[in-house]
Amino acid sequence: MVAIADRAQRRLTIQTANLARDTTTIRSLDWDRDRFDIEFALNNGTTYNSYVIQGEKLALVDTSHEKFRQLYLDALKGIIDPTQIDYLVISHTEPDHSGLVKDILQLAPQATVVGSKVAIQFLEEMVHQPFQRMLVKNGDRLDLGNGHILEFVSAPNLHWPDTIFSYDHATQILYTCDAFGMHYCDDYTFDEDLNLIEEDFRYYYDCLMGPNARSVLSALKRMGELPEITTIATGHGPLLQYHLTELVGCYREWSQAQAKAATTVVVFYVSGYGYSDRLAQAIANGILKTDVAVEMVDLKSIDPQEVAELVGLASGLVIGMPPQSGASVETTRSALSTILAAAHAKQSVGLFEAGGGNDESVYPLRNQFQSLGVHEVFPPIQIKETPTEALYQLCNEAGTDLGQWLTRDRTVKQMKSLDSDLDKALGRLSGGLYIITAKKGGISSAMLASWVSQASFKPLGITIAVAKDRAIESFMHVGDHFVLNVLEEGNYQPLMKHFLKRFAPGADRFAEVKIYAAENGSPILADALAYVECKVVSRMECSDHWIVYSSIDTGRVSKPDALTAVHHRKVGNHY
Ligand SMILES: Cc1cc2nc3c(=O)[nH]c(=O)nc-3n(C[C@H](O)[C@H](O)[C@H](O)COP(=O)(O)O)c2cc1C
């Protein structure tokens, strides 16, 4: 019942806007979407953007999500006669942009579908009907007339293996689909107000582009060879125009930082099979919380030499099991043999099932890695049913464990590197002892914290320094809710000991702890001295920590006369 009522409240609307000469956008606004493919939650909905270019020839760049079928097709018919479409440009084949390709081809069966070789292969599997096609490579051009010459830019892995960008020489608009996008829905067509969007822009980069930083840098290099770009027409969120240079600069800076990381993990998955790409992405996001770079590689579309090179430079390998039969089985099997031949004992590995119903067994591969002496960081992740949020959380935490394992020596060295006088002086800074608890959807997390401070009176606000690789970091994005539990002097040891345990990926951190639910849904610890309910307002990046500023909604003290537990430190190089 609740699910139906929820769904009925959801708002789907359409926005159309003229962008430049002969160019119109149709933006499908999905105001209330709160979850995307992988584990991350959305606070501000999302949009699916499509574009019409009316040269002498008529072109449509991407479509929409199938949930917008009627709204989208009505809007399209208000702008053009869809039966006259000459070209349908597919930036990539993810269903939220190509969900209505079949509908368009029914209206305009003569239309030529334009895409990369991989995109056209994927589309054949999606639409199951013959269609005219034009396979394009980097630098290829398509003349639509009236000066609208589309130049294609190959941008594989941003964030699908088949991605192309299209640059219109007449309007200087670059159509990039997922790249430079964000999950942010409002009536603004453009990026006028950076304050509104920067958090979502960064989060989207971290989730989708961070695991492909090398590919981002290659795409940026290719973009640099184009004439001036005045607008980036994205597939999600506002189009970039006002802050284009700055936001493109962020992609460069964040990707360069990744590329410089001394340690790399290669995550092999199989696109379009089971949940392989989503699980791979959840693991990759977990790895990226540590100071380790990730390369995500589709086993189906990589050449053997590249596999061997990547394995050679990797400190860690994660492999999603491919299907044991089907069109690509020979390619993926030979890729697995190449990985095994190139792997060595100093590497660490993690394996996961893809959940496609036809997975190769994990165990023979696991045995082969074990006989090479490769260290297994987390036990094989197995899939019994459709992945839940809990499984994505497990994958994320498994990824973080792998990253932390690979950087353990570095971390210890950094901790020891403080001059001893300074170390002791800094150690005189002290704080209270708190447990942060959070619940989002069906999953929860907790952490012991002492770097907590009140930060404002109006509104009442606090800051908490949260290390980037903490499990609870995923629960502390802008708009998220949590509880700050204050521990009691003389009575904090049991809770502190419990929450300092090393939890296995995905473990329930509240097993055997007395809790009850706060108004915001997060757990309140029954043995805490006091608690306050908080909402994250903003985050400031401070090297290895996020300073999370949150407003306080409500709170309560259970023992009015008791004091807060204080953490007196001896050294400054640890909490
Ligand atoms: C006394 C003490 C205070 C701590 N305070 C913080 C803190 O303020 N921020 C933080 O990120 N970690 C802090 N930590 C570290 C985490 O509580 C601890 O590493 C936790 O077990 C991390 O778990 P996770 O990475 O599996 O989530 C503190 C640890 C101790 C011992």
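Parameters at a glance
- Residue numbers run consecutively from 1 along every chain, following the written order of its sequence.
- Local features are withheld for residues below a pLDDT of 70 in this predicted model, meaning they are given only at 70 or higher, and side-chain atom pairs are given and counted only at 80 or more; totals for whole chains, interfaces and linings count all residues.
- Only hydrogens and water are set aside when side-chain values are computed; all heavy atoms of the structure are taken into account.
- Note on definitions: angles span 0 to 180 degrees between N-to-C directions of axes, and those axes are lines fitted to C-alpha atoms, for helices only across the stretch in contact.
- The secondary structure listing takes helices from DSSP runs of H or I that are at least 4 residues long and strands from runs of E that are at least 2 residues long, numbered from the N terminus.
- What makes a crossing left-handed is the near helix being turned counterclockwise from the far one by less than a right angle; a clockwise turn instead makes it right-handed.
- Residue contacts are counted whenever heavy atoms from the two residues lie within 4.5 Å of one another.
- Think of it as three bins: nonpolar holds Ala, Val, Leu, Ile, Met, Phe, Trp, Tyr, Cys and Pro, charged holds Asp, Glu, Lys and Arg, and polar takes everything else, Gly as well.
- Only protein chains enter the accessibility calculation, which uses a 1.4 Å probe; a residue is then buried when its area is under 20% of its type maximum, exposed when over 50%, and partly exposed in between.
- Think of it as the arc spanned by the lines of direction from the helix axis to the C-beta atoms.
- Sulfur atoms of two cysteines make up a disulfide when they are within 2.5 Å.
- Patch construction takes residues with relative accessible area above 30% that form no salt bridge. Like charges are linked within 9 Å, and nonpolar side chains (Val, Leu, Ile, Met, Phe, Trp, Tyr) are linked within 5 Å.
- Residue exposure ignores everything except the shown protein chains as possible cover, and the areas themselves are Shrake-Rupley values with a 1.4 Å probe.
- Put simply, a salt bridge is a Lys or Arg side-chain nitrogen that is within 4 Å of an Asp or Glu carboxyl oxygen.
- Two kinds of site are reported from a 1 Å grid over the protein atoms alone, namely cavities, where a 1.4 Å probe fits but cannot get out, and pockets, open sets with protein on both sides within 12 Å along at least five of seven lines, and residues are called lining when an atom falls within 4 Å of a point.
- Grid points are joined across faces, edges and corners, and a volume is the space filled by probe spheres set on the points.
- Domain start and end points were adopted from an automatic or database domain assignment.
- By this rule the span expected of a helix is its residue count minus one, scaled by 1.5 Å.
- At least two bridges found by DSSP between two strands are what make those strands a pair.
- Scored from 0 to 100, pLDDT records how confident the predictor is in each individual residue.
- The term nonpolar core refers to a set of buried residues drawn from Ala, Val, Leu, Ile, Met, Phe, Trp, Tyr and Cys, joined through side-chain atoms within 4.5 Å.
- In these notes, residues near a molecule or strand are those with any non-hydrogen atom within 4 Å of it.
- Each polar contact in these results corresponds to two N or O atoms within 3.5 Å; when the atoms are within protein, one needs to be able to donate a hydrogen and the other to accept it, and residues that are neighboring in sequence are counted only if both atoms are side-chain atoms.
- What counts as a ring pair is set by centres within 6.5 Å for rings of Phe, Tyr and Trp (its six-membered ring), and what kind of pair is set by the plane angle: stacked under 30 degrees, edge-to-face over 60, tilted for all other angles.
- In our convention, an over-ring charge means Lys NZ or Arg CZ found within 6 Å of a ring centre and within 35 degrees of that ring's normal.
- Accessible surface is computed with a 1.4 Å probe, and the buried area is the amount of it that two parts give up when combined, taken over both parts together.

## Quick word on the packing of helix H6 (residues 194-209) against helix H8 (residues 244-260)
Right, on to step 1. Axis separation between H6 and H8 bottoms out at 11 Å; the angle between their running directions is 35°. The two elements H6 and H8 cross, and the hand of that crossing is right-handed. Contact with H6, carried on its side by Leu194, Ile197, Phe201, Arg202, Tyr204, Tyr205 and Met209, involves Glu246, Leu247, Cys250, Tyr251, Trp254 and Ser255 of H8 and no other residues of that element.
Right, on to step 2. Its residues placed into classes, the contact of H6 with H8 shows ten nonpolar, one polar and two charged.

## Quick notes on helix H2 (residues 69-79)
Right, on to step 1. Taken together, the buried positions of H2 are occupied by Tyr72, Leu73, Ala75 and Leu76. Looking straight down H2, one finds its buried side chains confined to an arc of 160°; they lie on one side. Those residues of H2 that are exposed and angled more than 90 degrees off the buried face are Gln70 and Gly78.
Right, on to step 2. Of the surrounding elements, those touching the buried residues of H2 are strand S1 (12-20), strand S2 (23-30), strand S3 (46-54), strand S4 (58-61) and helix H4 (101-107).

## Quick word on the state of the cysteines
One covalent bond between the sulfur atoms of two cysteine residues makes up a disulfide.
Right, on to step 1. Per the counting criterion, the structure on display carries zero disulfides.
Right, on to step 2. Note on Cys207: no disulfide assigned, nearest cysteine sulfur contributed by Cys395 at a separation of 14 Å.

## Brief notes about a nonpolar patch on the surface
Right, on to step 1. A cluster of nonpolar side chains, contributed by Leu422, Leu426 and Leu429, occupies part of the molecular surface with about 260 Å² of accessible area.
Right, on to step 2. Topologically, Leu422 is positioned in helix H15 (residues 420-426).

## Points about empty space enclosed by the protein
Right, on to step 1. Tallied over the full model, the rule gives two cavities of 30 Å³ or more.
Right, on to step 2. Reported here for the largest cavity is a volume of approximately 110 Å³.
Right, on to step 3. In terms of lining, the largest cavity is formed by 13 residues, of which the most central are His159, Trp160, Pro161, Tyr269 and Asp277.
Right, on to step 4. Classifying every residue of the lining of the largest cavity by side-chain character gives six nonpolar, six polar and one charged.
Right, on to step 5. Residues from two domains meet in the lining of the largest cavity; each of domain 1 (2-258) and domain 2 (262-411) gives at least three.

## Considering helix H9 (residues 276-288)
Right, on to step 1. Between its terminal C-alpha atoms H9 stretches 18 Å, which fits the 18 Å expected from 13 residues at 1.5 Å a residue.
Right, on to step 2. Where burial is concerned, most of H9 is hidden: twelve out of the 13 residues are buried.
Right, on to step 3. Within the span of H9, buried status applies to Ser276, Asp277, Leu279, Ala280, Gln281, Ala282, Ile283, Ala284, Asn285, Gly286, Ile287 and Leu288.

## Things to note about the sheet that holds strand S20 (residues 443-449)
Right, on to step 1. Taken in spatial order, the seven strands make up an open sheet running S20-S19-S23-S26-S27-S22-S21, and their pairing is antiparallel. Lying at the two open borders of the sheet, with one neighbouring strand each, are S20 and strand S21 (452-456). This sheet shows a mean twist of 35° between the axes of neighbouring strands, independent of strand direction.
Right, on to step 2. With six bridges connecting them, strand S23 (residues 481-486) and strand S26 (residues 530-542) associate as antiparallel partners. Bridging from a neighbouring strand, Asn485 pairs with Tyr531 of S26.
Right, on to step 3. Docked against the sheet, helix H13 (residues 389-406) engages strand S19 (434-440) and S20, running at close to 40° with respect to S20.

## Considerations on the confidence of the model for the protein
Right, on to step 1. Considering every residue of the protein, the mean pLDDT works out to 93; 97% of them sit at 70 or more.
Right, on to step 2. Contacts from residues 1-8, a stretch scored under 50 in pLDDT, to residues over four places away or in other chains number zero contacts.

## Regarding the sheet that holds strand S15 (residues 316-320)
Right, on to step 1. Taken in spatial order, the five strands make up an open sheet running S14-S13-S15-S16-S17, and their pairing is parallel. The sheet terminates laterally at strand S14 (293-298) and strand S17 (375-381), the two strands that pair on one side only. On average, each strand axis in the sheet is inclined to that of its neighbour by 15°, with strand direction left out of account.
Right, on to step 2. Two strands pair when backbone bridges link them, and strand S13 (residues 264-269) and S15 are joined in this way by four bridges, in the parallel orientation. Looking at the pairing, Val265 lines up with Gly316 of S15.

## A word on the nonpolar core
Burial of nonpolar side chains together is a common tendency in soluble globular proteins.
Right, on to step 1. Counting 34 residues, the largest nonpolar core has Phe165, Phe180, Met209 and Tyr251 as the members making the most contacts within it.
Right, on to step 2. Per-element accounting of this core gives the leading share, nine residues, to H6.
Right, on to step 3. In this structure Phe180 touches Phe165, Phe201, Leu220, Met223, Ile232, Thr234, Leu240, Val248 and Tyr251, once residues within four positions along its chain are discounted.
Right, on to step 4. Grouped together as the second largest cluster of nonpolar side chains are 26 residues, Val297, Leu299, Ala314 and Val374 included.

## A look at the site of the ligand
Right, on to step 1. Around the ligand, 16 residues are found, and the nearest of them are Leu448, Ser450, Trp451, Ala465 and Ala467.
Right, on to step 2. Note that an oxygen atom of the ligand is positioned 3.0 Å from one of the side-chain N or O atoms of Arg470.
Right, on to step 3. Contact distances for the ligand include 3.2 Å between an oxygen atom and a backbone N or O atom of Ala471.
Right, on to step 4. Alone, the ligand offers 650 Å² of accessible surface; in the complex the protein occludes 87% of this.
Right, on to step 5. Listing elements by their share of the shell around the ligand, those giving two or more residues are S20 and strand S22 (461-467).

## As for the packing of aromatic side chains
Right, on to step 1. Under the definition given, this model contains eleven aromatic pairs.
Right, on to step 2. Ring geometry for Phe499 and Phe510: centres 5.9 Å apart, planes at 65°, overall edge-to-face. Of this pair, Phe499 sits in helix H16 (residues 493-499) while Phe510 sits in the loop between H16 and strand S24 (515-517), and the two are eleven residues apart along the sequence. The residues Phe499 and Phe510 share a single accessibility class, namely buried.
Right, on to step 3. Over the ring of Trp254 we find Arg202, and its NZ or CZ is 4.7 Å from the ring centre.
Right, on to step 4. Seen from the ring of Trp546, Lys468 lies directly overhead, with NZ or CZ sitting 5.5 Å from the centre.

## Section: the domain arrangement of the protein
Right, on to step 1. Partitioning the protein into structural domains gives domain 1 (2-258), domain 2 (262-411) and domain 3 (420-567).
Right, on to step 2. Taking the mean C-alpha position of each, domain 1 and domain 3 sit 40 Å from one another.
Right, on to step 3. The partner domain 3 presents eight residues to the five residues of domain 1 that form the contact.
Right, on to step 4. Across the domain 1 to domain 3 interface the summed buried area is about 560 Å²; carbon plus sulfur atoms make up 41%.
Right, on to step 5. Taken together, the links from domain 1 to domain 3 amount to one salt bridge.
Right, on to step 6. For Arg202, the salt bridge identified is with Glu541, shortest N-O distance 2.7 Å.
Right, on to step 7. On the surface where domain 1 and domain 3 come into contact, there are one residue pair in polar contact (both at pLDDT 80 or more).
Right, on to step 8. Here the residues of the side of domain 1 that touches domain 3 sort into two nonpolar, one polar and two charged.

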